[in-house]
Amino acid sequence: MSQSAIKAAPVKVAGVDRRERPSPGERASRLLEQSWRPVALLLACFAVWWVIAAAELVEPYLVPSPGATLDVLTGKADYIWQHSWVTTYETLLGFLIAVVVGVFAAVIMVYSATVEKTLYPILLFAQVVPKIAIAPLFVVWLGFGIAPKILIAVLIAFFPVVISMVTGLKAVDPEMLQLSSTMGASPWQTFVKIRMPASLPHLFSGLKVAVTLAVTGAVVGEFVGANEGLGYVILQANGNLDTPMLFAGLLVMSLIGVVLFVLVEIAEKLLLPWHASRRETGVTTTY
Amino acid sequence: MTMPRNTTVREPDVTNDRQGGPSATTPAVGIKDVAVRFRTKNRDVTALTDVDLDVRAGEFVAIVGPSGCGKSTLLKLVAGLLKPSTGDVLLGGERVRGPRHDIGYVFQRAALLEWRSARRNILLQAEMRKMPAELGRRRADELIATTGLSGFEDALPHELSGGMQQRVALCRALLHEPPVLLMDEPFGALDALTREQMNTELNRIWRETGTTVLLVTHSISEACYLADRVVVMSARPGTITEIIDVGLPAERDYTETMGRPEFREATTHIRGLLGAASAQD
């Protein structure tokens, strides 16, 4: 990175396309161009919701008006904030543990066929067991604290991480590995300089799935037994037929999922600029 | 050591004794009675059989043959990426027992790391070998200049054309000044014009570095334009049909060479051999 003493002049030569960085204005207009459709759709949904509620097509206690939901969100902001934080905390911790454990498991599975054969059936088993069904057991074992929620989040987010990382590590060009051995590279060098970076795009697609699943995991844990968190808020609201609060809880929950997803995407763009730029332009390389 | 068979005895070129490589009497590459057999699920496949070949230091040898005749297998044997079932492979007079580090390898696909710029892809060779950083950088700069990559050092592989990518791969293979350069259809995926250009450049680089080159190719004219000798192989089980001495001077102008009688004679002869081989198939 720093060793480039001579900066490449932005020359245009056949076969090479060096794109200039877009100006802030261009970027803003590009963002607007990309996002107006989903924003419009979202607004349309809210409009439909508002019409249904305002015309009282459905009983208000079944579908609260957007206004009533907003009142709850602002009027009970402290309450919602406090419980949202708990859920976010459980989700993030669960996600991070899943990433660390998942990446580690993937690496040893790729480097040892024996470990892979031993571990894979167990992984698959852990994946197919409905997490909702084992959640009560975790509560029995670990109590009502945040531990069972984190554990369920880990369990649910772990699988996509392992699968994507294993795929990524195995997708390395075999010729690249042969080249590496002619260079006299140690297995560690090959891993750090070739295999690991090459697997990151795969890993990130798994991370995006994992982070949204982690929210589900945390909330499922809260449903089974908790006295805090958004899952608890929703259960309480449900019991009291407090649909505005229920809707507010749902909105915030989705918002957490979306924000975490976007954060992973931003991390991907920052860590893998080469991958992002390649995806934007489409694969134009001709070998 | 005996002189390579099927060849007229020639005085070794002046280029042979550069960079302390093996002396002219020890072949840079020696392949002795080599056979390679693979075991697949339901049958044994003989990829190569009875292969004998000596390559002098500084010599350029091209290998042509029909698809699946084991040309690539032969290069992998020399690099130590594959083990022969029987026979011996010698590199610099030393028996090949595992992946060798005193070679440069170029594949048909450039096989570049897409997150690294052209320069950093070339420097991978230096990093893996733990070469002194200053030396690696200097060598990379020299190679970038000689291969016409100047101005593209900081471009990522996907921003480069196929020809440029292959130049990067060539620089990476030459960074550590290997005594032997192995090339497996390096220009096979390039358009005809770029290919001619790369051929001219490879001829110049070979003359300048004095490296021994083993080039696998599908193109008969490419083989004859570049090589001192062309090894013609037959289809499965792959074996050497004939070794042709092209008999052209080391320095070759592309258009001029194409028109020379030696060149036309060699290509016609090889075309005949390969035609006969595929007719038997």
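The model shown is predicted, which means the values in this text are computed figures rather than measured ones.

A. Fine view of the overall build of chain B. Along its length, chain B carries eight helices and ten strands. Look at the contacts in chain B between residues 6 or more apart in sequence, and 70% of them connect residues 24 or more apart.

B. Inspection of the overall build of chain A at higher detail. A tally of regular secondary structure across chain A gives eleven helices and zero strands. What you see in chain A, going N to C, is helices and strands ordered as α-α-α-α-α-α-α-α-α-α-α. The proportion of buried residues among the 287 residues of chain A is 31%. Restricting the contact set of chain A to residue pairs at least 6 apart, pairs at least 24 apart contribute 75%.

C. Layout of the sheet that holds strand E5 (residues 94-95) of chain B. All names here are of chain B. Within the open sheet, the four strands sit side by side as E2-E1-E4-E5. Their pairing is antiparallel. Looking at strand neighbours, the two that pair on one side only are strand E2 (44-55) and E5, the edges of this open sheet. Looking at chain direction, strand E1 (residues 29-39) and E2 are connected through eight bridges and run antiparallel. Bridge assignment links Ile 31 to a residue of E2, and that residue is Leu 53.

D. Broad picture of the UniProt feature "transmembrane region" (unreviewed entry) in chain A. All names here are of chain A. Those residues carrying the UniProt feature "transmembrane region" (unreviewed entry) are residues 39-58, 92-111, 123-144, 150-169, 203-225 and 245-264 in this numbering. As annotated, residues 39-58 comprises 80% helix and 0% strand, and the C-alpha atoms at either end are separated by 26 Å. The span residues 123-144 carries 82% helix and 0% strand; its end-to-end C-alpha distance comes to 26 Å.

E. Geometry of the sheet that holds strand E10 (residues 239-245) of chain B. Residues and elements named next belong to chain B. The mixed open sheet is built from six strands, whose spatial order is E6-E7-E8-E3-E9-E10. Each having just a single partner strand, strand E6 (103-106) and E10 make up the two edges of the open sheet. The sheet shows a mean angle of 15° between the axes of neighbouring strands, taken without regard to direction. Bridge count between E6 and strand E7 (residues 180-184): four bridges; the pairing is parallel. Each residue of the ladder has a partner; that of Ile 103, found in E7, is Val 180. In the packing of helix H4 (residues 162-174) onto the sheet, contacts are made with E6 and E7, and the angle to E6 comes to roughly 165°.

F. Up close: the UniProt feature "domain: ABC transmembrane type-1" (unreviewed entry) in chain A. Mapped onto this numbering, the UniProt entry gives "domain: ABC transmembrane type-1" (unreviewed entry) at residues 84-264 of chain A. Helix makes up 88% of residues 84-264 of chain A and strand makes up 0%, while its end C-alpha atoms are separated by 19 Å.

G. The nonpolar core, seen in detail. Membership of the largest hydrophobic core comes to 90 residues, with the highest contact counts inside it found for Val 78, Leu 214 and Val 230 of chain B. When residues of this core are assigned to their parent elements, the largest contribution, seven residues, is made by H4 of chain B. In terms of nonpolar packing, the next biggest core, distinct from the first, is built from 51 residues, Ile 80, Leu 151, Leu 246 and Leu 260 of chain A among them.

H. Structural view of the pairing of strand E8 (residues 212-216) of chain B. All names here are of chain B. Of all five residues in E8, five are buried; the element is thus mostly enclosed. By the alternation rule, side chains of E8 split into Thr 212, Leu 214 and Val 216 and Val 213 and Leu 215, which are all buried. Pairing of strand E3 (residues 60-64) with E8 involves four bridges; the strand directions are parallel. Directly across from Ile 63, in E8, lies its bridge partner Val 216. Note that E7 and E8 share five bridges and pair parallel. Pairing of Met 183 across the sheet is with Leu 215, part of E8. Following the backbone out of E7, through helix H5 (residues 192-209) and into the adjacent parallel E8, one traces a crossover that is right-handed.

Procedures and definitions
Residues numbered from 1 in each chain as written. Chains lettered and ligands numbered in written order. Predicted model: local features only at pLDDT ≥ 70, side-chain atom pairs only at ≥ 80, totals over all residues. Helix = DSSP H or I, 4+ residues; strand = E, 2+ residues; numbered from the N terminus. Contact = placed C-beta atoms within 7 Å. Buried ≥ 20, exposed ≤ 12 C-beta atoms within 10 Å, placed from the backbone. Pairing = 2+ DSSP bridges. UniProt positions renumbered as here; feature names shortened; annotations may be inferred. Axes fitted to C-alpha atoms, helices over the stretch in contact; angles between N-to-C directions. Core = buried A, V, L, I, M, F, W, Y, C linked by C-beta atoms within 7 Å. Right-handed = clockwise from strand over helix to strand, strands pointing away.

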